[in-house]
Number of protein chains: 2
Amino acid sequence: MKVYKIPEATVMRLSVYSRFLHQLLDEGVNTASSEAIAQGVGVSSAQVRKDLAYFGEFGTRGVGYRVDELYGHLKSILGLDHDWNIILVGAGKLGSALALYQGFAERGFHVSTIVDNDKKIVGNKLGMVTVEPIEVMTQRVKEKDIKVGVLTVPASAAQNVTDLLVEAGIKAILNFSPRVLKVPNTVILRNVDLSVNLEVLSFNLNMNKKN
Amino acid sequence: MKVYKIPEATVMRLSVYSRFLHQLLDEGVNTASSEAIAQGVGVSSAQVRKDLAYFGEFGTRGVGYRVDELYGHLKSILGLDHDWNIILVGAGKLGSALALYQGFAERGFHVSTIVDNDKKIVGNKLGMVTVEPIEVMTQRVKEKDIKVGVLTVPASAAQNVTDLLVEAGIKAILNFSPRVLKVPNTVILRNVDLSVNLEVLSFNLNMNKKN
DNA sequence: CCACTCTTGTGAAATAGTTCGCAATTAAGT
DNA sequence: ACTTAATTGCGAACTATTTCACAAGAGTGG
Ligand SMILES: NC(=O)c1ccc[n+]([C@@H]2O[C@H](COP(=O)([O-])OP(=O)(O)OC[C@H]3O[C@@H](n4cnc5c(N)ncnc54)[C@H](O)[C@@H]3O)[C@@H](O)[C@H]2O)c1
Ligand SMILES: NC(=O)c1ccc[n+]([C@@H]2O[C@H](COP(=O)([O-])OP(=O)(O)OC[C@H]3O[C@@H](n4cnc5c(N)ncnc54)[C@H](O)[C@@H]3O)[C@@H](O)[C@H]2O)c1
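The rules behind these values
- Residues numbered from 1 in each chain as written.
- Chains lettered and ligands numbered in written order.
- Predicted model: local features only at pLDDT ≥ 70, side-chain atom pairs only at ≥ 80, totals over all residues.
- Heavy atoms only, no water.
- Helix = DSSP H or I, 4+ residues; strand = E, 2+ residues; numbered from the N terminus.
- Buried < 20%, exposed > 50% of the residue type's maximum accessible area, 1.4 Å probe, protein only.
- Contact = heavy atoms within 4.5 Å.
- Areas by Shrake-Rupley, 256 points an atom, 1.4 Å probe, with all protein chains shown as cover.
- Pairing = 2+ DSSP bridges.
- Right-handed = clockwise from strand over helix to strand, strands pointing away.
- Domains from an automatic or database assignment.
- Axes fitted to C-alpha atoms, helices over the stretch in contact; angles between N-to-C directions.
- Phe/Tyr/Trp six-rings, centres within 6.5 Å; stacked < 30°, edge-to-face > 60°.
- Near = heavy atom within 4 Å.
- Polar contact = N/O pair within 3.5 Å; in protein donor to acceptor, adjacent residues only side chain to side chain.
- Nonpolar A, V, L, I, M, F, W, Y, C, P; charged D, E, K, R; others polar.
- Left-handed = near helix turned anticlockwise from the far one by under 90°.

> Can you lay out the overall build of chain A for me, pointing to particular residues and giving the numbers?
Each helix and strand in chain A was counted, giving 9 helices and 9 strands. With the C-alpha coordinates of chain A rotated into their principal frame, the extents come out at 60 × 50 × 40 Å. Going through the 211 residues of chain A one by one, you find that 49% of them count as buried. When contacts within chain A are restricted to residue pairs at least 6 apart in sequence, those whose partners lie at least 24 apart make up 56%. Split by element, the accessible area of chain A, about 10,400 Å² in all, is 52% carbon and sulfur.

Structure, rendered in C-alpha cells:
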C-alpha cells in the first residue's frame, strides 16, 4: 500500500478549508473554485489544489468544487465523521474556558471527563460535566475508551499527568503547559504554547524596527 | 544591508530554547552543550546550532554555551529585553484566563488594558486591571502606545475589532478567533486556532488506524 | 608542549514544501 | 458541432529547511 507522508502544514490548512467551506454552506454557496477558497483563507490557489491532491480528485475542471461534497470529504479525511471523547486534566482558568467552549462540540469534540487534584475544585460543574478527582483518571480513560487528553495543569505536574495518561492508554495529547513532554512514539503529542506565539510577535516587531 | 530571512520555525524554537535555559539557570547549571539543549527541548543538536548561527557565535568549542550568556542573547534576539504592553479585546472565558495568566508577565508581556462591549462585564476587575468599554479602545492604544493586541472576541466581531485596532495604530495582533483576518501587511498577525490543533490530532489518529 | 577529547560553526548534501505552467476537461455560447 | 473561457490536477522547477559530516578551536592531563 502506498502511503504518502502528508505535511503537517497541509493538515492544518485542510482544517481551515473545512471551516471556510462550512461558512460557505451557511451562506448557501454551492460551488467554489480553488481560487475562491484560497482567497477566503489567505493562501494560493495552487496550494489549495496541491493539498487536496494528496487525497484524491474532488473537483470538476472548468467548474470548481461542490461545497457540500468537498466539505464532507474534508471532514472524513480529518477524522471528523464521528465524535471524539476528550478528557480534560486541570480545571483551572484555562481548563475551564476550554471545557465551556462551544466551538469544540461543533466540530465533534466532546469534553466528557474533567479531572483535577484540588479538592476545592472537585465537584464543581462546568457545563454538563462535573469535575472529578484525579484518582479516577485512569479508570475513566479506560472505561470510556478516551483517545484524546487535553492538559491544562501547571508545568510542574505536566509530565507526571502525561505518564499516567499514557499508561491508561491515551492515544493523543494536546498540551497547553509550557513544558516539553516525553511520550512514547505511539502517542501523538501537540503543544500549544501561547508564550511562544507572543514571543514570535515580539521578535518580528523587533526585526521590523531594526531594518 | 544584508538581512537574512529567519524561518519562523527557528524563531519558535528560540523561544523554547530560552525557556529551557531559564529552567537550567534555576537549576544552577552554568554551561550547556547544543546536545544538552537539544535533549531538553526535543530537537537535534545540529538544529540548535543552526538556529543560533543565524544570529552569531555564542558558544565555545569543546565546551558549549554559558547558560546565562546565551539566555541573555536569546531574550534580546526575541525582543524580550524590554516589556510589552498588551491590549486584550474580549473579556470572556478565554480572555479572562489569558488576562489572569502569570506566565505572560514573567516573559515581559503585560496586559495593561482590557476592553469588552458587554455592559455587564465592563467594570469587572481581572487581577489589577479593570475591564473598560470598547469605546475607549482606540484612545488607549494611542495614549499608551500599545503595539500588541490579543483578540478573544467571537468570530463575528473579529474583523471589525481588527480594523479598529489597525486604525488606532496597533503593530501586531494575536487572534484566537476562528476567522481569517485581513490586515495591512504593516501589521503582524498570528492566529492561534485551537480547533485546528484538535483536528490535526484527529487526523493523525485516523491515519494511524488506517495504516 | 603534545596528544587526546569534546563540541562548536558551517559548507554541502539531502529532504521537504511551495509555486509554476500547462495539458486536460467541462460548461456555455453561437 | 465548434469556439471560447474557466478551472482542475499534476509534473517539473524552484525555494526552504533540516541533517550530515568534519575542520577548527578549546580545555585537560601528562
Ligand atoms: N491561563 C492561561 O491563559 C494560560 C496561557 C498559556 C499557558 N497556560 C498554561 O496552562 C496551564 C494551566 O494554566 P491555568 O492558568 O489554567 O492555571 P490554573 O492554576 O488556573 O489551573 C491549573 C489547574 O490544574 C490543577 N492541577 C495542578 N496539579 C494537578 C495535578 N497533578 N493533577 C490534576 N490537576 C492538577 C490545579 O488544581 C488547577 O485547577 C499551565 O501550565 C499554564 O502554564 C495557561
Ligand atoms: N473559550 C475557549 O476555550 C476558546 C477556544 C478556542 C477559541 N476560542 C475563541 O476565542 C474567542 C472568545 O471565546 P470565549 O469562549 O472567551 O467567548 P466568550 O463569549 O466567553 O467571550 C467573548 C467576549 O467578547 C465580547 N465581545 C463580543 N463582541 C465584542 C466586540 N465587538 N467588542 C468587544 N468585545 C466583544 C463579549 O462580550 C464576551 O465577553 C471566540 O472567537 C472563540 O471562538 C475560545
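> I'd like a rundown of the pairing of strand 7 (residues 148–151) of chain B, residues and numbers included.
Residues and elements named next belong to chain B. Side chains of strand 7 alternate between two faces, with V148 and V150 and G149 and L151 buried alike. Bridging between strand 3 (residues 84–89) and strand 7 involves 4 bridges; their strand directions are parallel. Paired with I87 across the two strands is G149, which belongs to strand 7. Here 4 bridges tie strand 7 to strand 8 (residues 172–175), and the two strands are oriented parallel to one another. Across the sheet, the residue bridging to G149 is I173, located in strand 8. Taking the sense of rotation as the criterion, the β-α-β connection linking strand 7, helix 8 (residues 155–168) and strand 8 turns out right-handed.

> Lay out the domain arrangement of chain A in plain terms, naming residues and giving numbers.
Per the domain assignment, the segments of chain A are domain 1 (8–77) and domain 2 (84–196). A separation of 31 Å is found between the C-alpha centroids of domain 1 of chain A and domain 2 of chain A.

> For the sheet that holds strand 3 of chain B, give the residues involved together with the corresponding values.
Residue and element names in this part refer to chain B. Taken in spatial order, the 7 strands of this open sheet run 5-6-4-3-7-8-9, and their pairing is mixed. Among the strands making up the open sheet, the edge pair consists of strand 5 (125–126) and strand 9 (188–191). Of the pairings in the sheet, the one linking strand 3 to strand 4 (residues 109–116) comprises 6 bridges and is parallel in character. Opposite I86, over in strand 4, you have V111 as the bridge partner. Sitting on the sheet, helix 8 is in contact with strand 3, strand 7 and strand 8, with an inclination near 170° to strand 7.

> Report on the packing of aromatic side chains, specifying residues and quantitative values.
If you walk through the whole model with that rule in mind, you get 6 aromatic pairs over all chains. Judged by centre distance (6.1 Å) and plane angle (90°), the rings of F55 of chain A and F203 of chain B are edge-to-face. With one member in each of two chains, F55 of chain A in the loop between helix 3 (45–53) and strand 2 (65–66) and F203 of chain B in helix 9 (residues 194–210) form a pair that bridges those chains. The class of F55 of chain A is partly exposed, set by a relative accessible area of 22%. On the accessibility criterion, F203 of chain B (2% relative accessible area) is buried. Taken together, the ring pairs in this structure connect Y54 and F55 of chain A together with F203 of chain B into an aromatic cluster.

> Describe the site of ligand 2, with residues and values.
The environment of ligand 2 is formed by 23 residues, the closest being Y101 of chain A together with K93, L94, D116 and V153 of chain B. At a separation of 3.5 Å, an oxygen atom of ligand 2 approaches a polar backbone atom of G92 of chain B. Between a nitrogen atom of ligand 2 and a main-chain N or O atom of N117 of chain B, the distance comes to 3.3 Å. Bound to the protein, ligand 2 loses 85% of the 820 Å² it would expose on its own. Contributions of two or more residues to the shell around ligand 2 are made by helix 5 (93–99) of chain A together with helix 5 (93–99) and helix 8 of chain B. Ranked by the residues each element gives to the shell around ligand 2, the list is headed by helix 8 of chain B, at 3 residues. By residue class, the composition of the shell around ligand 2 is 15 nonpolar, 5 polar and 3 charged.

> Can you tell me about the protein's contact with DNA strand D, naming the residues and giving the values?
DNA strand D sits among 25 residues. The nearest are S34, E57 and Y65 of chain A together with R13 and R61 of chain B. For DNA strand D, the fraction of atoms within 4 Å of the protein that belong to sugar or phosphate moieties is 65%. Residue F58 of chain A places a main-chain N or O atom 3.2 Å away from a phosphate oxygen belonging to DNA strand D. A distance of 3.1 Å separates a base nitrogen of DNA strand D from a polar atom in the backbone of G62 of chain B.

> Let's hear about the pairing of strand 9 (residues 188–191) of chain A: which residues, and what values?
Residue and element names in this part refer to chain A. Side chains of strand 9 alternate between two faces, with I188 and R190 buried and L189 and N191 left unburied. Relative to strand 9, strand 8 (residues 172–175) runs parallel, the two being bridged by 4 bridges. Paired with I173 across the bridge in strand 9 is L189.

> Can you lay out the packing of helix 1 (residues 8–26) of chain A against helix 4 (residues 67–77) of chain A for me, pointing to particular residues and giving the numbers?
Between two packed helices, what matters for the description is the angle formed by their axes and the separation of those axes. Residue and element names in this part refer to chain A. With their axes 9 Å apart at the nearest point, helix 1 and helix 4 run at an angle of 145° to one another. For the element pair helix 1 and helix 4, the recorded crossing hand is left-handed. Taking contact as the criterion, the partners of L14, Y17, S18, L21, H22, L24 and L25 in helix 1 are, on helix 4, V67, D68, L70, Y71, L74 and I77. Partitioned by chemical class, the residues of the contact of helix 1 with helix 4 number 10 nonpolar, 2 polar and 1 charged.

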